[in-house]
2 protein chains.
Amino acid sequence: MSSKVNLTPQRKAIYDVIRESSDHPTAAEIIERLKVKDLSFAYGTVYNSLRYLTEVGLVHELKLGDAASRYDGNVDEHQHIQCQICGRVDEVFTDVTKEWLNAIAKETDYTVKSHQVILKGICPQCREQ
Amino acid sequence: MSSKVNLTPQRKAIYDVIRESSDHPTAAEIIERLKVKDLSFAYGTVYNSLRYLTEVGLVHELKLGDAASRYDGNVDEHQHIQCQICGRVDEVFTDVTKEWLNAIAKETDYTVKSHQVILKGICPQCREQ
DNA sequence: CGTATATTTAGACTAAGTCTAAAATAAAAT
DNA sequence: ATTTTATTTTAGACTTAGTCTAAATATACG
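It should be emphasised that the depicted structure is a prediction, and the values quoted were computed from it without experimental measurement.

Q: I would appreciate a short explanation of the side chain of Ser21(B) in the present structure.
A: On the secondary structure map, Ser21(B) appears in the loop between α1 (9-20) and α2 (27-36). Side-chain polar atoms of Ser21(B) contact the backbone oxygen of Val17(B), separated by 2.7 Å.

Q: What exactly am I supposed to notice about the sheet that holds strand β3 (residues 79-83) of chain A here?
A: Hydrogen bonding along the main chain pairs the strands of a sheet, whether they run parallel or antiparallel. What the 6 strands build is an open sheet, ordered β4(A)-β3(A)-β5(A)-β5(B)-β3(B)-β4(B); its pairing is mixed. The open sheet has two edge strands, β4 (89-92) of chain A together with β4 (89-92) of chain B, and neither has a second partner. Averaged over all adjacent pairs, the angle separating strand axes in this sheet is 25 degrees, with direction ignored. Where strand β3 (residues 79-83) of chain B and strand β5 (residues 111-122) of chain B come together, 4 bridges link them in parallel fashion. Each residue of the ladder has a partner; that of His80(B), found in β5(B), is Ile118(B). Across the sheet, helix α4 (residues 98-108) of chain B is in contact with β3, β4 and β5 (111-122) of chain A together with β5 of chain B; its angle to β4(A) comes to roughly 120 degrees.

Q: How do you make sense of the domain arrangement of chain A when you look at a structure like this?
A: As a measure of interface size, the accessible area lost when the parts come together is often cited. All names here are of chain A. Split into domains, chain A comes out as domain 1 (9-72) and domain 2 (79-128). Taken over C-alpha atoms, the centre of domain 1 sits 23 Å from the centre of domain 2. Counting from both sides, the interface comprises 7 residues of domain 1 and, opposite them, 8 residues of domain 2. Looking only at domain 1, the three residues that lose the most surface to domain 2 are His24, Leu62 and Leu64, adding up to 64% of its buried area. One can count 0 salt bridges joining domain 1 with domain 2. Counting every contact that joins domain 1 to domain 2 gives 3 residue pairs in polar contact (both at pLDDT 80 or more). Its residues assigned to classes, the side of domain 1 that touches domain 2 comprises 2 nonpolar, 1 polar and 4 charged.

Q: In this structure, what is going on with the relation of the copies chain A and chain B? I would like to understand it.
A: Both copies of the chain are tied together by a single rotation about an axis and a shift running along it. By a simple turn and slide, chain A fits onto chain B: the slide is 0.0 Å along the axis, the RMSD is 0.0 Å, and the turn is 180 degrees. When the rotation and shift are considered jointly, the pair of chain copies conforms to a two-fold rotation axis. Measuring from the rotation axis to each C-alpha of chain A, the shortest distance belongs to Val117(A), at 2.2 Å.

Q: Is there a simple way to think about the packing of α1(B) against helix α3 (residues 43-55) of chain B in this case?
A: Each pair of packed helices gets described by two things: the angle between the helix axes and the distance between those axes. Residue and element names in this part refer to chain B. Across the interface, α1 lies against α3 with an axial gap of 10 Å and an inter-helix angle of 75 degrees. Relative to α3, the element α1 is oriented roughly perpendicular. Residues Gln10, Arg11, Ile14, Tyr15 and Ile18 of α1 pack against Thr45, Val46, Ser49, Leu50, Tyr52 and Leu53 of α3. In the contact of α1 with α3, the residues fall into 7 nonpolar, 3 polar and 1 charged.

Q: I would appreciate a short explanation of the pattern of salt bridges in the present structure.
A: As a working rule, side chains carrying opposite charge can pair if their charged atoms are close by. Residue and element names in this part refer to chain A. This model, assessed by the stated rule, comprises 12 salt bridges over all chains. A salt bridge links Arg19 to Asp16, with the nearest nitrogen and oxygen atoms 2.8 Å apart. With Arg19 and Asp16 both in helix α1 (residues 9-20), this residue pair falls 3 residues apart, about one helical turn. For Arg19, a relative accessible area of 48% gives the class partly exposed. Here Arg33 and Asp23 are joined by a salt bridge, their closest N and O atoms 2.9 Å apart. Within this pair, whereas Arg33 is found in helix α2 (residues 27-36), its partner Asp23 is found in the loop between α1 and α2, the two being separated by 10 residues in sequence. The class of Asp23 is partly exposed, set by a relative accessible area of 34%. Each of Lys12, Asp16 and Arg19 takes part in a single network of salt bridges with overlapping partners.

The rules behind each value
Residues numbered from 1 in each chain as written. Chains lettered and ligands numbered in written order. Predicted model: local features only at pLDDT ≥ 70, side-chain atom pairs only at ≥ 80, totals over all residues. Heavy atoms only, no water. Helix = DSSP H or I, 4+ residues; strand = E, 2+ residues; numbered from the N terminus. Polar contact = N/O pair within 3.5 Å; in protein donor to acceptor, adjacent residues only side chain to side chain. Pairing = 2+ DSSP bridges. Axes fitted to C-alpha atoms, helices over the stretch in contact; angles between N-to-C directions. Contact = heavy atoms within 4.5 Å. Domains from an automatic or database assignment. Buried area = accessible area lost by both parts, 1.4 Å probe. Salt bridge = Lys/Arg side-chain N within 4 Å of Asp/Glu carboxyl O. Nonpolar A, V, L, I, M, F, W, Y, C, P; charged D, E, K, R; others polar. Least-squares fit on C-alpha atoms with pLDDT ≥ 70 in both. Parallel < 35°, antiparallel > 145°, perpendicular 65-115°, else oblique. Buried < 20%, exposed > 50% of the residue type's maximum accessible area, 1.4 Å probe, protein only.

Written out as structure tokens, the structure is:
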């Protein structure tokens, strides 16, 4: 395990963009931000790199249901909440309990491997208006 | 509210297929099952109908992250778990607690409107092998 | 150095779903 | 009952997000 991670210049540049972003960018947004830095990689390279970075655990892929995957450079265990109005995504660190996961294993007889909670709501800013 | 639901023949047929299915079919699978009944609607009609049925609350749309949305005729509050090996989707009725949702509202300052938990694991059948 | 392996590139291709404009149905108003 | 208005359906073009392929580059190994 943890065999050396192979960060090619492309992968490194993409990883950098993700870590410099706090808004969980999509692949399209990552491509835009690379362009600002005068970096332009093949379409497929960006997707391959994102898959690679996800596989080696450097980033997390978020599938929030709304079309495009988003990428998160914070790989600590956490969940996300998305504003139904403006679409922004915020982190949630209050996680579900181990007891709850155990109850589900018991109910379903599955071996539970992962859980993702997708919360939707109204963010403070949008609520003001 | 609850103004009368307008179930055209197409919408009714699609709703029937969903209720007769216990495996949370995708739009493509619904189209297949309609074909078995010698019903063939325009591509767009199926999607429009699915959106309509979802909006009026007769079915639930599940976005499990893997490409296509699935549709569920059981609109009681519940969650889902998907087998990472065979892809089947089962229901989960052990829901998160109200306290947990309150804690999240407190942490994020969002008004929490909905939550969807996507659990992944290994189903009993796949575990045997 | 020469060969094997891995990665990138450009562009074709796919899957899932939306959009549009015309035709068909249904409902409401003379 | 016929016209007008609103709603739905249809076929097919289009969009978005992403994968696949084959050739070209780059890197690693003996």
